[in-house]
Structure formats: C-alpha cells, structure tokens
Amino acid sequence: MKKIALLHFLLLTTIVFCQDRKISLDEAIQLAQKKSPDFKANLNKNQASYWRYKNYKASFLPIVGLSATLPSYSNSSRRLTNDLGQDIFVNQNQSRIEGRLSISQNIPYTGGSLSINSQLERIDIFGANSSTGYFVTPFSINYNQNSLFYNPFKWDKKIEPLIYEESKKDFIENMEKISLTTSRFYFSLLKSQMQLKIANNNLSNQDTLYQIAKGRFKIGKIAENDLLQMELSLLNSKNSVTTSKISLKRAAQNFTRYLGLGSQELELNIPVNLSPFNVDIEKALEEASSNRKSVIEFRRKRLEAEKELARVKGNNKLQLNVNANFGISQQGALINDLFQDFNRQQNISVTLSLPVFDWGVSKSRRKIAEANLDLVNTNLEQDKQAFEQEIYLHTLNWSNQRVFLKTSEKAKEIATKRYDITKKRYILGKITITDLNLAQSEKDRAVVVYLNSLEKFWVDYYTLRRLTLYDFLNDKKIEIKDIIYN
C-alpha cells in the first residue's frame, strides 16, 4: 500500500513538473529586472558611480597616514661634499629607523592642500666610532597650492554631484529599458506560439478539407485541379508548421536566456489592455525635464567645458605656485633631550612663471577651449530640441495607438468569423477553393496584424515610461529605492 502511495505521489509530481510554466508580461518584466544580464550590468554601473561619489566626498575629509622604515641598513662607500666644498668618499656603516604620522586635508575654497606631520628618526652608526642619534619633528605644518588662478576643487564641487545624480537617473532609465527589451522578447515568443498554433489549426483544417476533396473527386463533383490545389495547400501547411516550430524554438531560447530561466517551457498569456488614461503633452515634457538624466547631462557637459576653459586660462599666462611650511624640530643623542629647546623650521616659497613669447601657443589653447565651449553649447541646444521633440511625437503617437489596437482586434474577430463561415460553405459545396484560401489568408493576416498592434501598444507604453520616468497609469514618478551597494 505504501509503495502504491509513493508511486502515485511520484506520478503526480512528474505531471506537475512536466506542465508548461505560465507567465504574464508583468511577471516576465519583474524577473528580468532581477536576473537579466542587463540588470546585472546596470547594477554594476550604478555601484561604480556610487563609489566614485563616495570617493569624491572622502577626498575632502582628513586623511591620516602612518609610514615607517623598519629598519634601513647600509654598509657602503658614498661620495659626499664637505664644508670646504670638496668631494670626498666616506664609508657608511649604519642603520636607520624612521616613523612618520601625517594628517592631510584638501581645502576646497582655495584649491590647496594642508598637512600636519610628526616624525621620529633614529640613526645607529657602527664601527670604531659607534654612536646613536635621534631626530624628532613634533609637528610640521605644510600648505601647498599649485595655482592661484585655477581651483579644480571648486569645479569638482559643481560637477561630481551632477554625475552622481545622473547615474541614479540612468539606473532608473535602464530599468525601464529592461522592461522595454523584455516586452519585445515576450511578444516575439508570443507571436511565435500563436503562429505555430495557427499553423497547426490550418494543417488540421487542410487535412480535413483534403479528405473531403478526395471523396468529392472520386464521385466527380470537383475537378482534378481543385484536388491538386487542396493538396498543395496541405503541403504548404505542413511546411508552415515546421517553419513555425523553428521560429518558436529560437524565440523561446532568447526569452528564457534573458530572464535566466534555463530551458523551461513557457506558456505566455496575452496581455490585457490597460485601463484608459490620457497623457497630456505638457505634463509629459514637464515630467521628462524633471526626471530624465538628459537634463542633468546637459548641465554637466556645459560645466565640464567651462571647467576646461577655466583651467586653460588659469595655466596659460601667469602661473603662481605657493608652498609654505612651519614647524619645530630637535636632534640629539638621548631621547630625553629631544623635547626641549626646539629649533624652529619655517620656509615659504612662491614660484612665478610667465611666458614672454610663445609664438601664440597660449592664445591658441585659449581659443580652442572657447571654441569647444561654443560647440558644446550648440550641441546641447540641438540635443535639447531633439529631446523635447521625441517626447512630443511619442506622446501624440501614444494617443492613437489604443485606437489602432481596437481596430485590429475587431478586424481579427471579423476575419476569423468570416473564415469559419467560408469553410462551412465550402464543405457544403457552395464556394470554390480559391474563396476558401483567400478567407484563410485574410484570417491569418488579421491575427498577425493584431499581435503586431498589441506588441506596438505595449512597447509604446514602456517607451513612454522610459522617456518620462513617470507612471501615467498610477500617476506617480518611477523611482527605484532598493539598490544594494556592496
């Protein structure tokens, strides 16, 4: 009894797992937004942008560093210059141990960097006159600025936050692109399944009609030409089934691979129409301008061009570099003697560089940067117009797409009903095979047109979402909050 129950359970399990998995368009999109290669690439790209921004923010925080030499030993002859200015060779047999602690900080308001250092060094000399010496710098303050006329930190403070915001918008747009790509794969497989179903139905009908035609031919009710025409239609239906199976296999592989489903057999549901909603052109433009990365990209590119012009102007003429240092130090043979009567160490240097005559090199660099800025402004203006035009035209197209879908759906119903009536009339012998083939062709064409219209409807819907990053169906902005940064 237990064996029978176990066998029954295994049989039921096998039946369940052999069944095709049904999936809807919405479920397919949810899977693609978690498992598709495009999602993984989008997530990696967004994470790189996130850590770039974190690195930029951290660059303005104090950096504490510790370095040490443990130890450094040397036993060799070296050339040195003595107090008389003479070069002599001396033998050095010594070891050195050094430790340094530093804190550095970039100054965004000036474009320079400030650092505080503390250093302790010990030198041991070996040989006949062995000795030990110490050198300590309790603190040393250093300030360095490469240019007084160009501050890269000021420009980075404007540009880097835009790059980060642009990356977040880009992530959302790419998620909508995944929806768009998934819908195309989905309808490619759905149309292949429907075409195979149509081909099998046509083959079944053609086989039935061919058997009827053979019986009529035997009793002399139809000519041989009509019988041959019916046989030809049957052969064409068989070829159509074979072709449809190959197309279905290809579409299924592309779809399951993109969703990460392996080799599962899927049965797709025909998406239902969306609830009616209107899209106002002004609303679409407003949301696109507020949500799309392109608007941020326009500002970022203009600032980058202005930054380059400022850099060229700052470095093209007078260059003024500043380096200043202040601190205290002491040296001695005993550690206890190091922390009293410190010696002051202070220096400041200002480096001035001015090209007197450079054959117009400085001027040409400035003119190139100015021309590039003008070019960027011109291109951005054109991109902005194309951006607005794309949204405007797609919004108009969306308004008509629902009408096209209803028309094609009605045409499919009429063509299918007409074919059923025509087939019955042919069986009754009231019409010719030509009329039947014509009705079948129109029916098949109407089904394909409907599926194409349905695909266009959903592709346009997800394109509208991608262009505006706005969900007009639920009247809210499209946002992605669950981004994981590893």
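The preceding data block contains the structure.
Structural notes, computed from the coordinates. (Residues numbered from 1 in each chain as written. Predicted model: local features only at pLDDT ≥ 70, side-chain atom pairs only at ≥ 80, totals over all residues. Heavy atoms only, no water.)

### Examining the nonpolar core
Item 1. One finds Y186, F255, L259, L268, W398 and W458 to be the most contacted residues of the largest nonpolar core, which totals 54 residues.
Item 2. When residues of this core are traced back to their parent elements, those giving at least two are α2 (25–35), α3 (37–58), α4 (152–218), α5 (224–259), β6 (266–268), α6 (281–291), α8 (361–427) and α9 (433–468).
Item 3. When neighbours within four sequence positions are excluded, L259 is seen to be in contact with I23, A28, L31, A32, K35 and T182.
Item 4. Among the nonpolar cores identified, the runner-up in size contains 13 residues, and Y210, Y426, I433 and L436 belong to it. (Core = buried A, V, L, I, M, F, W, Y, C linked by side-chain atoms within 4.5 Å. Buried < 20%, exposed > 50% of the residue type's maximum accessible area, 1.4 Å probe, protein only. Helix = DSSP H or I, 4+ residues; strand = E, 2+ residues; numbered from the N terminus. Contact = heavy atoms within 4.5 Å.)

### Brief notes about the packing of aromatic side chains
Item 1. One pass over the structure, following the stated rule, counts 19 aromatic pairs.
Item 2. Each ring, one from Y50 and one from W51, has its centre 5.0 Å from the other, and the planes form 75°; the classification is edge-to-face.
Item 3. Accessibility expressed as a relative area gives 18% for Y50, which makes it buried.
Item 4. Pairwise contacts between aromatic rings join Y50, W51, Y53, Y56, F60, F153 and Y164 into one cluster.
Item 5. We note K412 situated over the ring of Y450; from NZ or CZ to the ring centre the distance is 5.0 Å.
Item 6. The ring of Y419 is capped by K443, whose NZ or CZ atom sits 4.8 Å from the centre of that ring. (Phe/Tyr/Trp six-rings, centres within 6.5 Å; stacked < 30°, edge-to-face > 60°. Lys NZ or Arg CZ within 6 Å of the ring centre and 35° of its normal.)

### Considering the side chain of N205
Item 1. Turning to its location among the elements, N205 is positioned in helix α4.
Item 2. Take N205: its relative accessible area is 18%, and that puts it in the buried class.
Item 3. Beyond its immediate sequence surroundings of up to four residues, N205 is in contact with Y419 and K423.

### A short note on the pattern of salt bridges
Item 1. The final tally for this structure, using the stated rule, is 24 salt bridges.
Item 2. One salt bridge in this structure joins E165 and K168, with 3.0 Å as the shortest N-O distance. Taken together, the residues span about one helical turn, with E165 and K168 both in helix α4 at a distance of three residues.
Item 3. Under the relative-accessibility criterion, E165 is labelled partly exposed at 33%.
Item 4. Assessed through its relative accessible area of 31%, K168 is described here as partly exposed.
Item 5. Note that E287 is salt-bridged to K283, the shortest N-O span being 2.9 Å. Separated by four residues within a single helix, E287 and K283 lie in helix α6, roughly one turn from each other. (Salt bridge = Lys/Arg side-chain N within 4 Å of Asp/Glu carboxyl O.)

### Section: the packing of α2 against α5
Item 1. In the contact formed by α2 and α5, the axes pass within 8 Å of each other and the chain directions differ by 55°. Between α2 and α5, the crossing angle belongs to the class labelled oblique. Contact residues: α2 offers A28, L31, A32 and K35, while α5 offers F255, Y258 and L259.
Item 2. When the residues that make up the contact of α2 with α5 are grouped by side-chain class, the tally is six nonpolar, no polar and one charged. (Axes fitted to C-alpha atoms, helices over the stretch in contact; angles between N-to-C directions. Parallel < 35°, antiparallel > 145°, perpendicular 65-115°, else oblique. Nonpolar A, V, L, I, M, F, W, Y, C, P; charged D, E, K, R; others polar.)

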